[in-house]
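Understanding the architecture of this molecule
Chain by chain, the residues:
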Amino acid sequence: MGNINDMTVGAPSRSILKFAIPLIFGYILQQMYLIIDAAIVGRTIGVNALAAVGASSSIMFLIVGFCNGSCSGFAIPIAQAFGAKDYTSMRSYVSNAIRLAAVIAVILTVTTCALCTPILRLVNTPKEVFSDAYIFLLLNFIAIPFTIIYNCLSGFIRALGNSKQPFYFLIISSLVNVALDVILIIILHLGVEGAGIATLLSQAFSGYLCYNYIKRKMPILVPHKEECLRDKKKSLTLLNNGIPMGLQFSITAIGIIMLQGANNALGTGYVAAFTASMRVKYLFTCVFENIGVAMATYCGQNIGAGELRRISLGIRSAIKIMLVYFLFTLLIILPFADYLMQIFVDPSETEIIADAALFMRVANYFYPVLGVLTILRYSIQGLGYSNLSMLSGVAEMIARCGVSIWLVPALGFLGVCYGDPVAWICADLFLIPAMIMLYKHLKKRKARMIKENR
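Treat the numbers as computed from the prediction; the structure is a model and nothing was measured. (Residues numbered from 1 in each chain as written. Predicted model: local features only at pLDDT ≥ 70, side-chain atom pairs only at ≥ 80, totals over all residues. Heavy atoms only, no water.)

**With respect to the overall build of the protein chain**
- Check the secondary structure of the protein chain and you find 17 helices and zero strands.
- C-alpha atoms of the protein chain, sized along the principal axes, occupy 75 × 45 × 35 Å.
- Sorting the 454 residues of the protein chain into buried and exposed places 58% on the buried side.
- Sequence-distant contacts in the protein chain: of pairs separated by 6 or more residues, those separated by 24 or more amount to 84%.
- By element, 68% of the accessible surface of the protein chain is carried by carbon and sulfur atoms, the whole surface being about 18500 Å².
- Separation of charge centres in the protein chain, based on 35 positive and 21 negative side chains, amounts to 16 Å. (Helix = DSSP H or I, 4+ residues; strand = E, 2+ residues; numbered from the N terminus. Buried < 20%, exposed > 50% of the residue type's maximum accessible area, 1.4 Å probe, protein only. Contact = heavy atoms within 4.5 Å. Areas by Shrake-Rupley, 256 points an atom, 1.4 Å probe, with all protein chains shown as cover. Lys, Arg positive; Asp, Glu negative; His and termini not counted. Charge placed at Lys NZ, Arg CZ, Asp CG, Glu CD.)

Structure follows, in structure tokens:
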């Protein structure tokens, strides 16, 4: 049992940090890879190639976000069953989740590959980078099954409180990805196509590592013969958790697509600035995201165990951790944003650097708003109310669409800079009262159950 982590006992802050730290380092490493990838593309091939890679980033956020969200949602009933010590039910959920994930992978891959050209036109991809953007996006769509395999299997591992192994697998796959970038882009001169192939192969490798680990080290997750049967009720429970979470990411991404489309229309220089700033932004904001991911597992295990008070304590602890990290980001981003952007483009590109640094600094002021968003959203998901968290994604989408329609035409790139902060504020205006009402509902339900059992 050394490969699992029971988050229903011990200090909440310790449980959350123990789970979140490997996740944070893993995603920082992954974002570092994306930064290296963009730096190799921007420095070796040029600004147009960097724009080609970034022109479809919001589209990939939509598709990959749906995959990641669905797989994370599938892991919630598994975490709840583990918290309740119902291992037979847990393995049945695993079996049915794999079956559903396979169907999603086939549908998404076929559909997105067929619609690659219309998608790029939808986001106003500049003509001079359209061909490279098409190749890069198509290769990323072909990699969808491998993305789903990794996220599904790593989600199972994390549902049992083990976030270390997925971190180790990210280290390995990221190193493989960087090595392939060097070989395919710098040595073989395959350009943007090389970046796409490297991503595809590294995703496939990370999925294999997760599969091999579960088979050898976590047999508690491997379904027995009778547990492999299709269970309609469990499949419905998985879909009720997974699809809203996937849609939440996709709905959020629709707003991002609108924002990127408005930004793309400003010209290639702004596309490059947006791409560079988004790479660094994700490096810093992935910490908030993974504190949230830790809260999903934490809340899932504790609601399964009936430990409602620990959920409240955990949310407060997570917010304190988030605020400490926010102070750290201020010390890095505000003085050094311009220097960070020079990783991607030559220092002579002063306008691109200035625009990208502005984007980073504006977003940085609103990081606490983002931190509250991720903590509450994932906590609600972990409690099994994914539909509520999906509505917060609707609020984000509406806000970004409003910014794209009104602020960007009026303010230009400055309007793009305020797209994320406005969306985060609108999501919090929904999530904070929703969490308060949900917690009161759970307390009343628990009190009623105690009364009935007397």
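Moving on, there is more to tell.
**Overview of the nonpolar core**
- In terms of nonpolar packing, the biggest core is built from 68 residues, with Ile-291, Met-295, Met-341, Met-360, Tyr-367 and Leu-383 touching the most fellow members.
- Here this core gets 17 residues from one element, more than from any other, and that element is helix α11 (residues 268-304).
- In this view, Met-341 contacts Ala-276, Ser-277, Val-280, Ile-353, Ala-356, Ala-357 and Met-360; residues no more than four positions away in its chain are not counted.
- Listed in part, the 51 residues of the second largest apolar core include Phe-66, Cys-71, Leu-100 and Leu-238. (Core = buried A, V, L, I, M, F, W, Y, C linked by side-chain atoms within 4.5 Å.)

**Some details on the packing of helix α12 (residues 308-341) against helix α17 (residues 419-453)**
- Remark: α12 packs on α17, axes separated minimally by 10 Å, with the N-to-C direction vectors making an angle of 160 degrees. Accordingly, the angle class assigned to the pair α12 and α17 is roughly antiparallel. For the pair α12 and α17, the sense of crossing is left-handed. Residues Leu-308, Arg-309, Ser-312 and Ile-315 of α12 form the contact with α17, whose participating residues are Met-435, Tyr-439, Leu-442, Lys-443 and Lys-446.
- Along the lines of polarity and charge, the residues of the contact of α12 with α17 split into five nonpolar, one polar and three charged. (Axes fitted to C-alpha atoms, helices over the stretch in contact; angles between N-to-C directions. Parallel < 35°, antiparallel > 145°, perpendicular 65-115°, else oblique. Left-handed = near helix turned anticlockwise from the far one by under 90°. Nonpolar A, V, L, I, M, F, W, Y, C, P; charged D, E, K, R; others polar.)

**Topic: the packing of α12 against helix α14 (residues 367-382)**
- Between α12 and α14, whose axes approach to 9 Å, the crossing angle comes to 150 degrees. Judged by the inter-axis angle, α12 sits roughly antiparallel to α14. Of the two elements, α12 crosses α14, and the hand of that crossing is right-handed. Residues Ile-315, Ala-318, Ile-319, Met-322, Leu-323, Phe-326, Thr-329 and Ile-333 of α12 form the contact with α14, whose own contacting residues are Tyr-367, Pro-368, Gly-371, Val-372, Ile-375, Leu-376 and Ser-379.
- Looking at the contact of α12 with α14 residue by residue, the class counts come to twelve nonpolar, three polar and no charged.

**Describing helix α8 (residues 164-187)**
- In this model, α8 (24 residues) spans 34 Å end to end at C-alpha, consistent with the 34 Å of a helix rising 1.5 Å per residue.
- Burial in α8 covers these residues: Gln-165, Pro-166, Phe-167, Phe-169, Leu-170, Ser-173, Ser-174, Asn-177, Leu-180, Asp-181, Leu-184 and Ile-185.
- At the exit of α8 stands His-189, carrying a positive phi of roughly 55 degrees. (Expected span 1.5 Å × (residues − 1).)

**Looking at the side chain of Ser-317**
- Inspection of the secondary structure puts Ser-317 in helix α12.
- Excluding anything up to four places from it in sequence, Ser-317 contacts Pro-12, Ser-13 and Ile-16.

**Structural notes on the packing of aromatic side chains**
- Evaluated as defined, the whole model comprises eleven aromatic pairs.
- With centroids separated by 5.9 Å and ring planes inclined at 70 degrees, the aromatic side chains of Phe-169 and Tyr-213 adopt a geometry described as edge-to-face. Placement of Phe-169 in helix α8 and of Tyr-213 in helix α9 (residues 192-217) is noted, with a sequence separation of 44 residues between them. Of the two residues, Phe-169 and Tyr-213, neither departs from the other in class, the shared state being buried.
- Both rings, one in Tyr-325 and one in Phe-328, keep their centres 6.0 Å apart while their planes meet at 35 degrees; by these two values the pair is tilted. (Phe/Tyr/Trp six-rings, centres within 6.5 Å; stacked < 30°, edge-to-face > 60°.)

**Examining the pattern of salt bridges**
- Considering all chains together, one arrives at seven salt bridges under this definition.
- Between Glu-227 and Arg-91 there is a salt bridge; the shortest N-O distance is 2.9 Å. Residue Glu-227 is found in the loop between α9 and α10 (232-264), and its partner Arg-91 is found in helix α4 (residues 87-114); the two are separated by 136 residues along the sequence. Taken individually, Glu-227 and Arg-91 each receive the classification buried, so the pair is uniform in this respect.
- Here Asp-231 and Lys-234 are joined by a salt bridge, their closest N and O atoms 3.7 Å apart.
- Assessed through its relative accessible area of 24%, Asp-231 is described here as partly exposed.
- By relative accessible area, Lys-234 is classed as buried at 17%.
- Each of Lys-281, Arg-377, Glu-396, Arg-400 and Asp-420 takes part in salt bridges that share partners, so that together they form one network. (Salt bridge = Lys/Arg side-chain N within 4 Å of Asp/Glu carboxyl O.)

In short, the description is geometric, and any link to function would need to be established separately.
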